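Observations on the three-dimensional arrangement
One-letter residues, chain by chain:
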Amino acid sequence: MKRPIHFIRIFTLILFISSYIPSAFSQSIEGDWYGQLKAKDRSLPISLHVKSTRDGYTSTWDSPNQATFSIPSTTTVFVYPDFSFSHAGSAFTFIGKVLPDFSAIQGIFTQSEEQIPLILTRKPPASSPIGRVALKDKYDKKEVYITMRDGIRLFTSIYTPKDKSITHPILLNRTPYNIEPEGPTSFNIYFQLYSRYTEDNYIMVFQDVRGKYMSEGVFEDIRPVIPEKKSNKDIDETTDTWDTVDWLVKNVAGNNGRVGIFGISYPGFYSTMGAINSHPAVKAISPQAPVTAWFIGDDFHHNGAFFLLDCFSFFYSNGHQHRAPSRKGFPSFQWPIPDNYEFFLSVGPIRNISPKYFGDSVKFWNDAFAHPDYDDFWKARDPRQFLRNTRPAVMTVGGWFDAEDLYGTIHTYKAFENQNPESLTNIFVMGPWYHSQWAFGKAENLGNIYWGIDANEKYHKLEKEFFDYFLYGKGDGKFAEATIFITGSNKWNEFDTWPPKNVEEKNLYLMPEGKISFNPPTVSGRFDEYISDPMKPVPYTEGVHAHRTIEYMTDDQRFASRRPDVMVYQTDILTEDITVTGPLEADLFVSTSGTDADYVVKLIDVLPPDTPNPEDMNTKVPLGGYQMLVRAEIFRGRYRESFEKPIPFTPYKIEEVRYELPDVAHTFKKGHKIMIQIQNSWFPLVDRNPQKFVNIYKCGEEDFQKAVQRIYYEPDHQSKLKIMVLK
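Quick notes on the rules
Residues numbered from 1 in each chain as written. Predicted model: local features only at pLDDT ≥ 70, side-chain atom pairs only at ≥ 80, totals over all residues. Heavy atoms only, no water. Helix = DSSP H or I, 4+ residues; strand = E, 2+ residues; numbered from the N terminus. Rg over C-alpha atoms; globule rule 2.2 N^0.38 Å. Buried < 20%, exposed > 50% of the residue type's maximum accessible area, 1.4 Å probe, protein only. Contact = heavy atoms within 4.5 Å. Areas by Shrake-Rupley, 256 points an atom, 1.4 Å probe, with all protein chains shown as cover. Pairing = 2+ DSSP bridges. Axes fitted to C-alpha atoms, helices over the stretch in contact; angles between N-to-C directions. Phe/Tyr/Trp six-rings, centres within 6.5 Å; stacked < 30°, edge-to-face > 60°. Lys NZ or Arg CZ within 6 Å of the ring centre and 35° of its normal. Core = buried A, V, L, I, M, F, W, Y, C linked by side-chain atoms within 4.5 Å. Parallel < 35°, antiparallel > 145°, perpendicular 65-115°, else oblique. Right-handed = clockwise from strand over helix to strand, strands pointing away. Expected span 1.5 Å × (residues − 1). Nonpolar A, V, L, I, M, F, W, Y, C, P; charged D, E, K, R; others polar. Salt bridge = Lys/Arg side-chain N within 4 Å of Asp/Glu carboxyl O.

Some remarks on the overall build of the chain
Counting its regular elements, the chain contains 13 helices and 35 strands. For 727 residues, the compact-globule formula gives about 27 Å, and the C-alpha radius of gyration of the chain, at 25 Å, lands near that figure. In terms of overall dimensions, the chain has a C-alpha envelope of 80 × 70 × 50 Å along the principal axes. Put simply, the chain has 727 residues, and 62% of those count as buried. Considering only contacts within the chain whose residues lie at least 6 apart along the sequence, 73% involve residues at least 24 apart. With an accessible surface of roughly 27300 Å², the chain has 50% of that area assigned to carbon and sulfur atoms.

Right, dumping it as structure tokens:
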């Protein structure tokens, strides 16, 4: 769900270290602030002008390279040291902290889920030679409406190079996230940031999908594919893509008849749509973190468990229908307190959210609540079943620490691979990235974990070579099947298949006294027992904040291991490196005093206690003993036999809960330990299970109950985590 050009979401800030907090404000936030949005070799100046009013603060902003000036911000909030401003129409938010001397504001600029570090200072930046003037000297822009087969018109912006000496390919990005918020004379920010393509004179095309912003029609979330179309009224995203491509190759001057389609997150879904019954001109597609399965593993649910924090934020600002074409978006949620844990506890059961915050205006939220189990509503919205007879070359891209669409990335690649002949060019790229981090700028770390290199450098080159070969005919077309960054060892690797074939299956068996063994248990009657309380759920991360953080997927898990409702198991110190690749399988034998339960399994890399904090890295906690989250996944226990037909637990009866965790590629180094944590809540990332077999979307406060949980590890009930170890 997103805006990856998607999903507005604000992520954890770049924090500063200060030895004091002033007792009174000797400086003012008012006045002019200047900064540079930097992505690779592209730099976009931005200036902000803040004023104080009786009701708080207001601000306007300029983007000089886009010929955009004095745009009123939608929100401007300052409560020392926290400062933020946003613009709904441009779908961006900046959240930062002002330094004690008020010399700078450090934070994160988020637009449609692209996160770019931004420092605002009082000093105007030197003018950049690369920007609006340079691009306008090189490109022309046109905004058009393209008519679909049913008569609906889709708003499209087309950037064509002035160089007419040769013909050029078209790169198409279809999105629900407002392609041209500032009007026909401005160049949108994504066009500027994708400099690797504008440098080679690609024709860049952006389109608001049906029913979004300036496009006509009615928007439908993850619109189902209609397999058999009987008339021009039977439309879906495959037909809209086909009609768009057909118009482009026939009407855009100077194109070479070859089209590529790419996009991240929701635009990744629309990229996948371009592969289904594809237009002959479409030669290459790149679904990147594509929305794929909103019940099984992406965004909305993981294994039937509702991802509350992301869904609430996303649908508050993106779930409303546009009544008429508009360049303006909807405002993001203004958190009443900067603590999402406390906020969602105070809301109570999730049935309270819609009447209080959404009403009937957010259709998909209400539709989803009306379909609590995996029925035809959800199955129709999973495009994998249609990824057959694929003609374009495919490069599926994602990040190992993508909190939103990791499942969709992995399983879209696998669907193309398993349902098409070997002749299909089907490339898989996975890096050490959070959602969309690979698109622009550098990728040197995620939170406290640093990779030792810029992981984006290799990827940008690879992505460019892919489109150059299939759209321009440049290069030799020799691509590895899978280009994979293995964390821990922090190196890029190439494989002929994914998962790799040269692996050995091993089990990490849970043992007494918090141990893990590679050998099964031999003593009967062993289990761990604890109480889980949905009124005091386990937080998904340690910090206090409103918006879901991006770095929680590598966060230190010591905060959780200290809770009595989190079971912790670990190996002895490793005597050799162990590299784990491919999917994981949790196989738990459990019992509960309730009739329903969630299970969260975490795979963790425990660093040696003498691990130093490098001086040149912005680590925020001691790395000695750091418990790095490598992979975690939740499973709603009622679905242990079927996602379609949930069943209750019988109190105190031993039951098996087996499920797959998303793939990993990680080396546990010699001297480290492997840890597994197991818990029954992950809040408010995921909604609370009342631990009673009721419809969670309709249940009341009275349904929430404590439960006695047991995890068994004995010969007849061997709880374990299955891993694949690279030979």
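There is more to say after this.
Overview of the sheet that holds strand β18 (residues 393–399)
The strand order β10-β11-β13-β12-β14-β15-β18-β19-β22-β23 describes an open sheet built from 10 strands, whose pairing is mixed. Either end of the sheet is taken by a strand with one partner, and the two such strands are β10 (139–147) and β23 (491–495). In this sheet, adjacent strand axes meet at a mean angle of 20° when their direction is disregarded. In the sheet, strand β12 (residues 168–175) pairs with strand β13 (residues 203–208) via six bridges, with the strands oriented parallel. Within the sheet, the bridge partner assigned to Ile170 lies in β13 and is Ile203. Across the sheet, helix α4 (residues 237–251) lies against β10, β11 (153–161), β12, β13, β14 (255–264) and β15 (282–288), angled at about 150° from β12, the strand it touches most.

Details of the packing of aromatic side chains
Ring pairs (aromatic) are described by centroid distance and by the angle formed between their planes. Counted under the stated rule, the structure contains 96 aromatic pairs. Aromatic side chains Trp335 and Phe343 sit 5.3 Å apart centroid to centroid with 80° between the ring planes, which places their arrangement in the edge-to-face category. In this structure, Arg153 is placed above the aromatic ring of Tyr145, and the distance from its NZ or CZ to the ring centre is 4.3 Å. Stacked on the ring of Phe219, the Lys or Arg Lys212 has its end atom at 4.7 Å from the ring centre.

Some thoughts on the nonpolar core
Formed by 204 residues in total, the largest nonpolar core has its most connected members in Met204, Tyr266, Trp365, Ile484, Trp682 and Leu721. At eight residues, the largest contribution of residues to this core is made by helix α12 (residues 455–472).

What about the packing of α4 against helix α5 (residues 266–273)?
At a minimum axis separation of 8 Å, α4 and α5 run at an interaxial angle of 75°. Put simply, α4 runs roughly perpendicular to α5. From α4, Glu237, Thr238 and Thr241 reach across to α5, where they touch Phe269, Tyr270 and Met273.

A few points about the pairing of β15
For a regular strand, the rule is simple: side chains alternate between the two faces of the sheet. Burial of β15 is extensive: six of the seven residues sit out of reach of the surface. Relative to β15, β14 runs parallel, the two being bridged by six bridges. When the sheet's bridge partners are listed, Val259 is paired in β15 with Val282. Between the parallel elements β14 and β15, the chain passes through α5 in a crossover that is right-handed. Two elements, β15 and β18, share three bridges in a ladder whose sense is parallel. Residue Ala284 lies in a different strand from β18, and its bridge partner there is Ala393.

Topic: helix α11 (residues 406–418)
For an α-helix, 3.6 residues make a turn, and residues three or four places apart therefore share a direction. Given a rise of 1.5 Å per residue, 13 residues ought to cover 18 Å, and the 18 Å separating the end C-alpha atoms of α11 matches this to within 8%. Of all 13 residues that make up α11, 11 are buried, and the element is covered over most of its length. Burial in α11 covers these residues: Leu406, Tyr407, Gly408, Thr409, Ile410, His411, Thr412, Tyr413, Lys414, Ala415 and Phe416.

A few points about the packing of helix α6 (residues 308–318) against helix α7 (residues 340–347)
Where α6 contacts α7, the two axes come as close as 12 Å, and the packing angle between them is 85°. Considering the angle they form, α6 stands roughly perpendicular to α7. Here Leu308, Leu309 and Phe312 of α6 lie close against α7, whose contacting residues are Asn340, Phe343 and Phe344. Of the residues contributing to the contact of α6 with α7, the split by class is five nonpolar, one polar and no charged.

Things to note about the environment of Val291
Inspection of the secondary structure puts Val291 in the loop between β15 and β16 (301–302). Val291 gets classed as buried once you look at its relative accessible area, which sits at 1%. It is 28 Å that separates the C-alpha atoms of Val291 and Pro537, two residues lying 246 residues apart in sequence.

Side note on the environment of Glu585
Along the chain, the position of Glu585 falls in strand β28 (residues 578–592). For the pair Glu585 and Ser317, spaced 268 residues apart in sequence, the C-alpha separation works out to 36 Å.

Side note on the pairing of strand β7 (residues 92–98)
With respect to burial, β7 is a largely interior element, seven of its seven residues being buried. With burial as the criterion, each face of β7 is covered, one bearing Phe92, Phe94, Gly96 and Val98 and the other bearing Thr93, Ile95 and Lys97. Where strand β6 (residues 82–87) lies against β7, six bridges are found, and the strand directions are antiparallel. Within the sheet, the bridge partner assigned to Phe85 lies in β7 and is Phe94. As paired elements, β7 and strand β8 (residues 104–111) share seven bridges and run antiparallel to each other. Paired with Val98 across the bridge in β8 is Ile105. Remark: five residues form the turn of the hairpin made by β7 and β8, two consecutive strands paired antiparallel; Phe102 in that turn has positive phi of roughly 60°.

Considerations on unusual backbone geometry
What is expected of a backbone is that most residues other than glycine have negative phi and most peptide bonds are trans. The peptide bond linking Tyr80 to Pro81 adopts the cis configuration, its omega dihedral lying at 5°. Of note, Pro81 is situated in the loop between β5 (75–79) and β6. Going from Phe683 to Pro684, the amide bond is cis rather than trans, its omega being -5°. Mapped onto the elements, Pro684 comes out in the loop between β32 (673–679) and β33 (707–714). One non-glycine residue, Asn178, adopts positive backbone phi at about 70°.

Remarks on the pattern of salt bridges
Tallying each qualifying case throughout the model produces 42 salt bridges. With its nearest N and O atoms 3.4 Å apart, the salt bridge here joins Arg174 to Glu237. Of this pair, Arg174 sits in strand β12 while Glu237 sits in helix α4, placing them 63 residues apart in sequence. By relative accessible area, Arg174 is classed as buried at 1%. Measuring nitrogen to oxygen at the nearest pair gives 3.7 Å for the salt bridge that ties Arg223 to Glu220. Judged by relative accessible area, Arg223 falls into the buried class, the value being 9%.

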